[in-house]
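Residue strings, one per chain:
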Amino acid sequence: LSLSSSNQTDDLHELVDVLSIISRIIANFKLSTLVDLPAMVPLLNGIASTGASLLQANVAECEAVKGDMELMENLDAREEALAVLLDGVVLLCGDPWLLYASNERKRKAAHHILASSLGSLYIAFITSRIRMAKLEEHYLTANAADLDVVTEEIASEILEEEMGSTADIGRLSLDDALNCLASLFQTCVPQIQAFWNSPSGNHVHPEGAACLEEMRLLIRYLGHLLTDDNAGEAPVIPESIVVACQGNDAVANAVISALQTVMSVAEMQASKIAENPSDSRLSPLLASSMLWFLNRWAPAYVYPVDYSASAGAAPNKILTTWANSDSAQQVISFCATLCLHYQCYWPQERLVQEGSQSLILALAKRGPQIRSILVASPSFVQMVMFHCLTAGMRHASPKSELEASVQAKTGGSVNLEMVRGFQRLRYEDRSSILTAILVATSDSQNETANAMMNESLVAVQEAFSSLLQAITTKQIKADDVNAEEMTCLCVEMYGGVARAGDMAEPERIILFITPSLPHLSGLMGYYAEVLVVCEGLLRLFRDYAEHFVASLDRQQSLALFTASADILERYSARHCAFRIIKRQATSSAEENAKEEQSY
C-alpha cells in the first residue's frame, strides 16, 4: 500500500489490484480469523491512510479546477480505488461477528482495533465528499451550468451507496462520527439561517447553493449513520446503535442532539415556506432529504422495538427517550405539521409530496399507539378536513365554488389559502394522502378515528355519486372536459381507497367499494379511449384485487369478478377488436395466425 500511494494513473491501477487482493483475503478468511494475525493492525492503518490520501488528492485537484469536475484528470482512477477499498472495509465493519460473537473478550478487542484504525476514515469520507460537493455546486451555480440528467442520477446513486457503506465504519466509533457531524452542522446551520433571512430576494447565489448542498448531504449522512433501509420490514434501530448507546448516555445524547438539529432546520424551512412559498432559496431538494431522514428515523425510534433486549440489561436511553406518549407526541405532531405545510404550500413539488405521503403512511403502519397519537394531532385533523373539503374539487373548479364549500362546511374557520394549496395537489398525490389517512384511522375502537374514516369515505362517495348522476341524467356530456377531469379525480380517489390494504380491519373497505364496482366498470364504456381514465380504472381494479381478494366472501368475489369481466370486455371492444395480426404465408403460420386472431 505504501508503494502504491502515488497519484499517477499507472500507480493507481496498481493500487486497485492491491486493494482487490486485500478485499479477497478479507472475504475468504473473515474477521474472526484475521483479527488474530499480527499484521492485521498495520494493514488496517495502511488501508485508512491510503483512503485518506486518495480523498485528500481528490479535494486538492477539485480545488485546483475550482469545482469543474470534468477537468479532474485522475478522478475516475482514484474513485475506482476508493470503491474497491471501501468494499473490503465494509466486509470487516459489517461482519455480524462483531455483534454476535460468543467470545465477548475477543469481540470487544476486535471492535476496538477496527474503531481505532478505521474510525478516521469515516471522517475523511464525510469532510472530503462535502467539500467537493460544495465546490461543484458553487461552480455550477456561478456558471449557470447543468449536469446531464443521466450522469447526475448515476452519481447520486453511487454516492448513496457509498453513504450506506461508510455508515458501517462510522458506527464503529459512533461518538466520534456524531461529533464530526455535529461540528459540521454547527457551522452550516447559521449559514443556512443567514441565507434564508437575507434581504437578497429569491436569488440563489453560489455561496448559498453550496451551503444548501452541504446541509442536504449532512442530513443524508446522518440518516445512513442512524438508520437502516427497512423497506418491506418492521423498522428497527440498528443493532450497532443500540449496542453503542447501552450504558453510554453521552452517545445517546449525541443522537438526540443530532435529531433536534435536523428538526430545527425543517421547522425553520417550513415557517419560511408559509411566508413565501415561491422563494427559490428554500430548496425542495433539501425538503425531500429531510422527509427521507424522518421517514427512516421516526418509525424506528418512536416506540422502538428492541429484539436484543435481555432481562438483566441496564436501561438504554436510546430505547426509552421516545417510548413515552409525551415525547412520541412531539415527534409525530411535528411530522404531521411538516407534511401538511409541504402539501399546502408546495403542492407541485413531486419529490416533496412523495416524501410527505410516505412519512405519514410509515407512521400509520407502526401500530395502534402511534396511530392514536397521529389521529389526535391537530395537523392531521386539518389534513383530513382538507381532504373532505376537496374530494370533489377539480383543479379547474372556480375559486368561488371552493370558497362556498369551505364556508358551508366549516363556517370559514379554516385557512382558505391552505385549502386552495391542498386542492392543487396532483390527483395521484391526493389519492396517496387518502390511503395514509385510511390506514391511520383504521382502529375501530377509537371513536375519533372512526369518525374521520367515515367522513373521508363519505366525501369520496358523494363526489362519485354526483358525477354519475350528472352523466346518467345527461346534465353534462361524458366527453365534456370537466366531466373527464372529474372522472379522473374520482377514479384516483377510489384508487387511494383500494390501496389501503395495510389498515386494521380492512373489511370496511370491501363494504365501501363493492357496491361501486358496477358503476366504476361502467365508466369504461364512456372513457375507454381516454387513456388517462382508462389506465386509472384498470389500475384501480388491479390494486383492489391485489390487496383485498383474499378477504372477500362469495358474493363480494362474484361482484369483483363480474365487474372485472365487464371492464375488460369494454376495454377490449375499443382496443383489441380491430387489431390485425400479420404472419408469414406458410401453412403452419396461417394456422397459428388464425388461432391467435380468434383468441
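Refer to the structure above for everything that follows.
Quick caveat, the model's predicted, so the values are computed rather than measured.

Undergrad: Describe the overall build of the chain, with residues and values.
TA: Helix and strand counts for the chain stand at 26 helices and 0 strands. In terms of principal-axis extent, the alpha carbons of the chain reach across some 85 × 75 × 60 Å. Accessible surface computed for the chain: about 27900 Å², of which carbon and sulfur atoms make up 53%. Put simply, the chain has 42 plus and 72 minus side-chain charges, and the middle of one group is 5 Å from the middle of the other.

Undergrad: An account of the layout of surface pockets is needed here, citing residue identities and associated values.
TA: Volume-wise, the second largest pocket comes out at about 650 Å³. Every residue lining the second largest pocket is counted, 26 residues in all, and those nearest its centre are Leu99, His111, Arg171, Ser240 and Val243.

Undergrad: I'd like a rundown of unusual backbone geometry, residues and numbers included.
TA: Unlike most non-glycine residues, Lys30 shows phi in positive territory, near 65°. Looking at the element boundaries, Lys30 is found in helix 1 (residues 9-34). We classify Lys30 as partly exposed; its relative accessible area is 46%. Unlike most non-glycine residues, Lys474 shows phi in positive territory, near 60°. Topologically, Lys474 is positioned in the loop between helix 20 (447-472) and helix 21 (481-498).

Undergrad: Tell me what's going on with the pattern of salt bridges, and back it up with residues and numbers.
TA: Within this structure, the stated rule accounts for 25 salt bridges. Among the ionic pairs, Lys134 bridges to Glu214, the shortest N-O distance being 3.2 Å. With a gap of 80 residues between them, Lys134 in helix 5 (residues 104-142) and Glu214 in helix 8 (residues 206-226) connect regions that are remote in the sequence. Since its relative accessible area comes to 22%, Lys134 is described here as partly exposed. Assessed through its relative accessible area of 5%, Glu214 is described here as buried. Of the charged contacts, one joins Arg539 and Glu492 as a salt bridge, the two residues approaching to 3.0 Å between their closest N and O atoms. Placement of Arg539 in helix 24 (residues 531-548) and of Glu492 in helix 21 is noted, with a sequence separation of 47 residues between them.

Undergrad: Could you give me a rundown of the packing of helix 16 (residues 378-390) against helix 17 (residues 399-410), with the residues and numbers involved?
TA: Axis separation between helix 16 and helix 17 bottoms out at 10 Å; the angle between their running directions is 125°. The orientation of helix 16 relative to helix 17 falls into the category oblique. As for the relative orientation of helix 16 and helix 17, their crossing is right-handed in sense. Counted together, Met385, Cys388, Leu389 and Thr390 of helix 16 and Leu402, Ser405, Val406, Lys409 and Thr410 of helix 17 form the full contact between these two elements. For the contact of helix 16 with helix 17, the per-class residue count stands at 5 nonpolar, 3 polar and 1 charged.

Undergrad: How would you summarise the packing of helix 6 (residues 149-170) against helix 8 if you had to cite specific residues and measurements?
TA: At their nearest, the axes of helix 6 and helix 8 sit 8 Å apart, and the two run at 55° to each other. By the angle between their directions, the pair helix 6 and helix 8 is classed as oblique. Seen from above, helix 6 lies across helix 8 with right-handed handedness. In this structure, helix 6 contributes Leu159, Glu160, Glu162, Met163, Gly164, Thr166, Ala167 and Gly170 to the contact, and helix 8 contributes Leu217, Arg220, Tyr221, His224 and Leu225. Broken down by class, the residue content of the contact of helix 6 with helix 8 amounts to 6 nonpolar, 4 polar and 3 charged.

Undergrad: Go over the nonpolar core, please, and point to the residues and values.
TA: The biggest cluster of nonpolar side chains holds 189 residues, and the ones touching the most others in it are Tyr301 and Phe380. With 14 residues, the single largest contributor to this core is helix 10 (residues 249-275). If we ignore the near neighbours within four places in the chain, the residues touching Phe380 are Ala336, Ile360, Leu374, Val375, Ile437, Ala440, Thr441 and Met452.

Undergrad: How would you explain the side chain of Glu492 if you had to name every residue and give the values?
TA: Glu492 sits in the buried class, given a relative accessible area of 12%. Here the side chain of Glu492 touches Arg539 through a polar contact of 3.0 Å, side chain to side chain.

Undergrad: How would you explain the packing of aromatic side chains if you had to name every residue and give the values?
TA: Counted under the stated rule, the structure contains 9 aromatic pairs. Each ring, one from Trp297 and one from Trp322, has its centre 4.9 Å from the other, and the planes form 90°; the classification is edge-to-face. Of this pair, Trp297 sits in helix 11 (residues 284-301) while Trp322 sits in the loop between helix 12 (317-320) and helix 13 (325-345), and the two are 25 residues apart along the sequence. Residue Trp297 shares its accessibility class with Trp322, and that shared class is buried. Between Tyr301 and Trp322, the aromatic rings sit 6.1 Å apart at their centres with planes inclined by 80°, giving edge-to-face as the arrangement.

Undergrad: Please give an account of helix 3 (residues 75-93) that cites residues and values.
TA: With 19 residues, helix 3 ought to run about 27 Å at 1.5 Å a step, and its terminal C-alpha atoms sit 26 Å apart, in line with that. Among the residues of helix 3, those classed as buried are Leu75, Ala77, Arg78, Ala81, Leu82, Val84, Leu85, Leu86, Gly88, Val89, Leu92 and Cys93.

Undergrad: Got a sec to walk through a negative patch on the surface? Specific residues and values, please.
TA: On the surface, Asp146, Asp148, Glu152, Glu153, Glu157 and Glu161 cluster together into a patch of negative charge. Asp148 gets classed as partly exposed once you look at its relative accessible area, which sits at 46%.

Undergrad: Give a detailed account of the environment of Glu267, specifying residues and quantitative values.
TA: Position of Glu267 among the secondary structure elements: in helix 10. Given a relative accessible area of 51%, Glu267 falls into the exposed group. Separated by 68 residues in sequence, Glu267 and Cys335 place their C-alpha atoms 10.0 Å apart.

Undergrad: Outline helix 18 (residues 416-423), listing residues and values.
TA: With 6 of its 8 residues buried, helix 18 lies for the most part within the structure. Those residues of helix 18 not exposed but buried are Met418, Val419, Arg420, Gly421, Phe422 and Gln423. Buried residues along helix 18 sit against helix 13, helix 16, helix 17 and helix 19 (427-440). Between the side-chain oxygen at the start of helix 18 and the backbone nitrogen of Glu417 there is a gap of 3.0 Å, and the oxygen is on Asn415.

Undergrad: Let's hear about the state of the cysteines: which residues, and what values?
TA: Taken as a whole and judged by the stated rule, the model has 0 disulfides. With no disulfide of its own, Cys339 lies closest to Cys335 among cysteine sulfurs, the gap being 6.6 Å. Just so you know, Cys344 is unpaired, no disulfide at all, and the nearest cysteine sulfur is the one on Cys339, 11 Å from it. Note on Cys344: relative accessible area 4%, which makes it buried.

Undergrad: Tell me what's going on with a nonpolar patch on the surface, and back it up with residues and numbers.
TA: Side chains of Val149, Val150, Ile154 and Ile158 sit close together on the surface and give an oily, nonpolar patch of about 380 Å² of accessible area. Summarising the element assignment, Val150 is placed in helix 6.

Parameters and conventions
Residues numbered from 1 in each chain as written. Predicted model: local features only at pLDDT ≥ 70, side-chain atom pairs only at ≥ 80, totals over all residues. Heavy atoms only, no water. Helix = DSSP H or I, 4+ residues; strand = E, 2+ residues; numbered from the N terminus. Areas by Shrake-Rupley, 256 points an atom, 1.4 Å probe, with all protein chains shown as cover. Lys, Arg positive; Asp, Glu negative; His and termini not counted. Charge placed at Lys NZ, Arg CZ, Asp CG, Glu CD. 1 Å grid on protein atoms, 1.4 Å probe; cavity = no way out; pocket = protein on both sides within 12 Å on 5 of 7 lines; lining within 4 Å. Points joined across faces, edges and corners; volume = space filled by probe spheres on them. Buried < 20%, exposed > 50% of the residue type's maximum accessible area, 1.4 Å probe, protein only. Salt bridge = Lys/Arg side-chain N within 4 Å of Asp/Glu carboxyl O. Axes fitted to C-alpha atoms, helices over the stretch in contact; angles between N-to-C directions. Parallel < 35°, antiparallel > 145°, perpendicular 65-115°, else oblique. Left-handed = near helix turned anticlockwise from the far one by under 90°. Contact = heavy atoms within 4.5 Å. Nonpolar A, V, L, I, M, F, W, Y, C, P; charged D, E, K, R; others polar. Core = buried A, V, L, I, M, F, W, Y, C linked by side-chain atoms within 4.5 Å. Polar contact = N/O pair within 3.5 Å; in protein donor to acceptor, adjacent residues only side chain to side chain. Phe/Tyr/Trp six-rings, centres within 6.5 Å; stacked < 30°, edge-to-face > 60°. Expected span 1.5 Å × (residues − 1). Patch = residues over 30% accessible without salt bridge, like charges linked within 9 Å, V, L, I, M, F, W, Y side chains within 5 Å. Disulfide = S-S within 2.5 Å.

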